[in-house]
Amino acid sequence: DRWRKAAADMRRAVRERFWNDVECRVETSLNEKLHPAELVQALALLAGAVPEPSRKAVAMKLLGPSDWTATTLSQSIHKYEALIAEGGEIADLAVESMTAKWKAMLDAGATSFWEVEEGWTAFNGLASLCHGWSAIPIYIYMKAGKIR
């Protein structure tokens, strides 16, 4: 009960202090400059901190092009998990989006999934071509009920 109350208090505090109803997003800043990020929105969805009437709008913006800072491949598990949790069409679109992102690596000839979408050319040619978050698609497919 103690932790449930603490979680509810935290959700309420996030809504009161960081939720922007006009922009329909949780706002954060970096060096006092507004810095909206997909990761923040995904974590807010997962935590239940996005007000109910705005959940679908936030999820749809996570799916499409936006002015939010995109998640990295390593953080994308939170984005896809939040979208899968919304269910229905949003979950299906999340699986399609994720599939396209990882399929692009396979189409480029990858035999394992990369650290970043740019492949080996990132980080002055030092990017890994086999990384731990290679398992994200399997996890998301299972979470979405696409495989067993």
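Residues numbered from 1 in each chain as written. Predicted model: local features only at pLDDT ≥ 70, side-chain atom pairs only at ≥ 80, totals over all residues. Heavy atoms only, no water.

Draft legend 1. Representation of the pattern of salt bridges. Enumeration according to the criterion identifies twelve salt bridges in this entry. Where Arg 55 meets Glu 86, a salt bridge forms, and the shortest distance between an N and an O atom there is 2.4 Å. Placement of Arg 55 in helix H3 (residues 55-63) and of Glu 86 in helix H4 (residues 76-86) is noted, with a sequence separation of 31 residues between them. Each of the salt bridges in this network shares a partner with another, and the network as a whole consists of Arg 25, Glu 27, Lys 61 and Asp 67. (Salt bridge = Lys/Arg side-chain N within 4 Å of Asp/Glu carboxyl O. Helix = DSSP H or I, 4+ residues; strand = E, 2+ residues; numbered from the N terminus.)

Draft legend 2. Highlighting the nonpolar core. Residues Leu 45, Val 58, Trp 102, Met 105 and Ile 140 are the most contacted members of the largest nonpolar core, which totals 30 residues. If you list the elements that add at least two residues to this core, you get helix H2 (38-47), H3, H4, helix H5 (88-107) and helix H7 (136-143). Sorting elements by how many residues they give to this core places H5 first, with seven residues. If we skip the residues at most four places from it in the chain, Ile 140 touches Ile 77, Tyr 80, Glu 81, Ile 84, Val 95 and Met 98. (Core = buried A, V, L, I, M, F, W, Y, C linked by side-chain atoms within 4.5 Å. Buried < 20%, exposed > 50% of the residue type's maximum accessible area, 1.4 Å probe, protein only. Contact = heavy atoms within 4.5 Å.)

Draft legend 3. Here's a closer look at the packing of aromatic side chains. On inspection of all chains with the given rule, the structure shows two aromatic pairs. Here Tyr 80 and Trp 102 contribute two aromatic rings whose centre-to-centre distance is 6.4 Å and whose plane-to-plane angle is 65°, an arrangement assigned as edge-to-face. Within this pair, whereas Tyr 80 is found in helix H4, its partner Trp 102 is found in helix H5, the two being separated by 22 residues in sequence. Under the relative-accessibility criterion, Tyr 80 is labelled buried at 1%. Grouping aromatic residues by their ring pairs yields a cluster made of Tyr 80, Trp 102 and Phe 113. Cation over ring: Arg 2 sits above Trp 3, and NZ or CZ is 4.6 Å from the ring centre. (Phe/Tyr/Trp six-rings, centres within 6.5 Å; stacked < 30°, edge-to-face > 60°. Lys NZ or Arg CZ within 6 Å of the ring centre and 35° of its normal.)

Draft legend 4. How the structure looks around the environment of His 35. Residue position: His 35 is located in the loop between strand E4 (33-34) and H2. As for His 35 and Trp 68, which are separated by 33 residues in sequence, their C-alpha atoms are 7.6 Å apart.

Draft legend 5. Geometry of a nonpolar patch on the surface. On the surface, a nonpolar cluster with roughly 270 Å² of combined accessible area is contributed by Ile 138, Met 142 and Ile 147. Tracing the backbone shows Met 142 in helix H7. (Patch = residues over 30% accessible without salt bridge, like charges linked within 9 Å, V, L, I, M, F, W, Y side chains within 5 Å. Areas by Shrake-Rupley, 256 points an atom, 1.4 Å probe, with all protein chains shown as cover.)

Draft legend 6. Main features of H7. Within the span of H7, buried status applies to Ile 136, Pro 137 and Ile 140. Buried positions in H7, seen along its axis, are confined to an arc of 95° and lie on one side of it. Structurally, H7 contributes buried residues whose contacts are with H4 and H5. Count one or two residues on from H7 and you reach Gly 145, which has phi positive near 75°. (Arc of directions from axis to C-beta.)

Draft legend 7. Spotlight on the environment of Leu 126. One can find Leu 126 in the loop between helix H6 (122-125) and H7. Along the backbone, Leu 126 and Lys 61 are 65 residues apart, and their C-alpha atoms lie at a distance of 32 Å.

Draft legend 8. Looking closely at the packing of H2 against H4. Packing of H2 against H4 leaves a shortest axis separation of 8 Å and a crossing angle of 40°. Our classification of the angle between H2 and H4 gives oblique. Of the two possible hands of crossing, H2 and H4 adopt the one that is left-handed. Each of Glu 38, Leu 39, Ala 42, Leu 43, Leu 45 and Leu 46 in H2 lies in contact with H4, whose residues at this interface are His 78, Lys 79, Glu 81, Ala 82 and Glu 86. Taken together, the residues that form the contact of H2 with H4 break down as six nonpolar, one polar and four charged. (Axes fitted to C-alpha atoms, helices over the stretch in contact; angles between N-to-C directions. Parallel < 35°, antiparallel > 145°, perpendicular 65-115°, else oblique. Left-handed = near helix turned anticlockwise from the far one by under 90°. Nonpolar A, V, L, I, M, F, W, Y, C, P; charged D, E, K, R; others polar.)

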